[in-house]
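This is what each chain is made of:
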Amino acid sequence: MLSCRDVHDLASAHIDRELPWRRRMAVRLHLAMCKHCRRLMRQLRATVAVLGRVKDADPPVSPEREAALVELFKRERP
Ligand SMILES: [Zn+2]
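For every chain, the first residue of the written sequence is number 1, and numbering continues from 1 onward in sequence order. Side-chain atom pairs in this predicted model are given and counted only at pLDDT of 80 or more, local residue features only at pLDDT of at least 70, and totals for whole chains, interfaces and linings cover all residues.

A few words now on the overall build of the protein. Looking only at helices and strands, the protein has four helices and zero strands in total. Secondary structure elements of the protein occur, N-terminal to C-terminal, as α-α-α-α. Judged by the C-alpha coordinates and their principal axes, the protein covers about 45 × 25 × 15 Å. This entry defines residue contacts through backbone-placed C-beta atoms, with two residues in contact when those atoms are within 7 Å. In the protein, the proportion of contacts linking residues at least 24 apart, taken out of those at least 6 apart, comes to 56%. Strands are runs of DSSP state E lasting at least two residues, helices are runs of H or I lasting at least four, and both sets are numbered from the N terminus onward.

Once that is clear, we can look at the packing of helix 1 (residues 4-15) against helix 2 (residues 21-33). Axis angle and axis distance: for two packed helices, these are the angle between their axes and the distance between the axes, and together they describe the pair. To get an axis, fit a line to the C-alpha atoms, keeping to the stretch in contact for a helix; angles then go from 0 to 180 degrees between the N-to-C directions. Two elements in contact, helix 1 and helix 2, have axes whose closest approach is 11 Å; the angle formed by their N-to-C orientations is 120°. In terms of orientation, helix 1 lies oblique with respect to helix 2. You can see that helix 1 and helix 2 cross each other, and the crossing is left-handed. Contact residues: Val7, Leu10 and His14 in helix 1; Arg23, Arg24, Val27 and His30 in helix 2. Along the lines of polarity and charge, the residues of the contact of helix 1 with helix 2 split into three nonpolar, two polar and two charged. By the definition adopted for this analysis, an angle is roughly parallel if under 35 degrees, roughly antiparallel if over 145, roughly perpendicular if from 65 to 115, and oblique otherwise. Left-handed is the label given to a crossing in which the near helix is rotated counterclockwise from the far helix by less than a right angle, and right-handed is the label when the rotation is clockwise. Amino acids outside the nonpolar list (Ala, Val, Leu, Ile, Met, Phe, Trp, Tyr, Cys, Pro) and the charged list (Asp, Glu, Lys, Arg) are all regarded as polar, and Gly is one of them.

A few words on the nonpolar core. Val7, Ala11, Val27, Leu31, Cys37, Leu40 and Met41 form the largest nonpolar core, which has seven residues in total. Counting residues per element, the ones that place at least two in this core are helix 1, helix 2 and helix 3 (35-55). Here this core gets three residues from one element, more than from any other, and that element is helix 3. Residues within four places of Val27 in sequence aside, it is in contact with Leu2, Val7, Leu10, His14 and Leu19. Defined on buried residues, the nonpolar core groups Ala, Val, Leu, Ile, Met, Phe, Trp, Tyr and Cys residues joined through C-beta atoms within 7 Å. Counting other C-beta atoms within 10 Å of a residue's C-beta gives its exposure: the residue is buried at 20 or more, exposed at 12 or fewer, and partly exposed in between, where C-beta atoms are placed from the backbone.

With phi around 55°, Arg17 is a residue other than glycine that occupies positive phi space. Following the sequence through the fold, Arg17 ends up in the loop between helix 1 and helix 2. We classify Arg17 as exposed; it has 7 C-beta atoms within 10 Å.

The subject of this paragraph is the confidence of the model for the protein. Regions with low pLDDT carry predicted coordinates that are not meant to be interpreted in detail. In the predicted model, the protein carries a mean pLDDT of 86, and 92% of its residues have values of at least 70. The pLDDT value expresses, per residue, how confident the predictor is, ranging between 0 and 100. Within the protein, no element has a lower average pLDDT than helix 4 (residues 63-75), which sits at 79, and none a higher one than helix 2, at 96.

Mapped onto the fold, Arg38 is located in helix 3. Considering only alpha carbons, one finds Arg38 and Pro60, 22 residues apart in sequence, at a separation of 30 Å.

Set out below in structure tokens:
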């Protein structure tokens, strides 16, 4: 069973579908039981959606700024 901390660490990889299926299932199992992590995942997805638009921005947003935004969301705790 993953801890909330594990799920937070795996969240971006999970959204990017970079996890092996065993790991993905473990995250999904945790999400099914933990509303805090569900909320985090929802926020992170929203961030990724915004960043998707940010990538098309002119002038472009720097990778540092983008990483800082992602970190900001990952750091949020219930
Ligand atoms: Zn959790």
